Amino acid sequence: MIIGQVIGTVVASRKHERLVGSKIQIVQPLAPGSGKAEGAPFVAVDAVGAGVGEQVLVVQGSAARLAVDRENSPVDATIIGIIDQFDVEL
């Protein structure tokens, strides 16, 4: 799983038929220790109704397709949780 922050929304008037009705967000990965941006942003299907600015949990690969109950969908990343708080003890 990846910790990230939703930084934007994607609007696609035409998309694969298995994605119709899906909300697509832009996610910035965050370093778990510091909460700072780490790596390149990516797009993810939103399964929980997250909003811009919220910290989220994301799964990728086959887990992403299973999370949205669409095993044969062209989905590579899915937001599966909204984070209320995370603490790291170093």
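Residues numbered from 1 in each chain as written. Predicted model: local features only at pLDDT ≥ 70, side-chain atom pairs only at ≥ 80, totals over all residues. Heavy atoms only, no water.

K.L.:
Could you clarify how one ought to interpret the sheet that holds strand 2 (residues 23-29) in this entry?
P.N.:
Sheets are built from strands that pair by backbone hydrogen bonding, the pairs being arranged parallel or antiparallel. Within the closed barrel, the 5 strands sit side by side as 1-2-3-5-4. Their pairing is mixed. Taking each pair of neighbouring strands and ignoring which way they run, the sheet shows an average axis angle of 55 degrees. (Pairing = 2+ DSSP bridges. Helix = DSSP H or I, 4+ residues; strand = E, 2+ residues; numbered from the N terminus. Axes fitted to C-alpha atoms, helices over the stretch in contact; angles between N-to-C directions.)

K.L.:
Got a minute to help me understand the environment of Gly51 in this structure?
P.N.:
Mapped onto the fold, Gly51 is located in the loop between strand 3 (42-46) and strand 4 (55-60). Each C-alpha atom of the pair Gly51 and Thr78 lies 14 Å from the other, and the pair is 27 residues apart in sequence. Beyond its immediate chain neighbours, meaning those up to four positions away, Gly51 contacts Val6 and Gln25. (Contact = heavy atoms within 4.5 Å.)

K.L.:
It is not clear to me how the environment of Leu30 should be interpreted in this structure. Could you clarify?
P.N.:
Note that Leu30 resides in the loop between strand 2 and strand 3. It is 9.7 Å that separates the C-alpha atoms of Leu30 and Val56, two residues lying 26 residues apart in sequence. With residues up to four places along the chain from it excluded, the contact list for Leu30 reads Ile3, Gly4, Gln5, Gly35, Lys36, Ala37, Glu38 and Gln55.

K.L.:
Would you mind showing me how to read the side chain of Gln28 here?
P.N.:
Examined against the element boundaries, Gln28 turns out to sit in strand 2. Within the structure, the side chain of Gln28 is placed 2.8 Å from the backbone oxygen of Gly39, a separation counted as a polar contact. Aside from chain neighbours lying at most four places away, what touches Gln28 is Ile3, Gly4, Gln5, Ile7, Ala37, Glu38, Gly39 and Pro41. (Polar contact = N/O pair within 3.5 Å; in protein donor to acceptor, adjacent residues only side chain to side chain.)

K.L.:
Which parts of the structure should I look at to understand the pairing of strand 2?
P.N.:
In summary, the side chains of a regular strand alternate between the two faces of the sheet. Counting buried residues along strand 2, 5 of its 7 residues qualify, which places the element largely inside the surrounding structure. Where strand 1 (residues 2-10) lies against strand 2, 6 bridges are found, and the strand directions are antiparallel. Bridged to Thr9 within strand 2 is Gln25. Sheet topology note: the strand 2/strand 3 ladder contains 5 bridges and is antiparallel. Across the sheet, the residue bridging to Lys23 is Asp46, located in strand 3. (Buried < 20%, exposed > 50% of the residue type's maximum accessible area, 1.4 Å probe, protein only.)

K.L.:
Please clarify how the pairing of strand 4 should be interpreted in this entry.
P.N.:
By the bridge criterion, 4 bridges tie strand 1 to strand 4 in an arrangement that is antiparallel. Bridged to Gly4 within strand 4 is Val56. In the sheet, strand 4 pairs with strand 5 (residues 77-82) via 5 bridges, with the strands oriented antiparallel. Across the sheet, residue Val56 finds its bridge partner in strand 5, namely Ile82.

K.L.:
Would you mind going over the environment of Pro32 with me for this structure?
P.N.:
Its location among the elements puts Pro32 in the loop between strand 2 and strand 3. Residue Pro32 is classed as partly exposed on the basis of its relative accessible area of 44%. Discounting chain neighbours no more than four positions away, the residues touching Pro32 are Ile3, Glu38, Phe86 and Val88.

On their own, these measurements won't tell you what the molecule is for.
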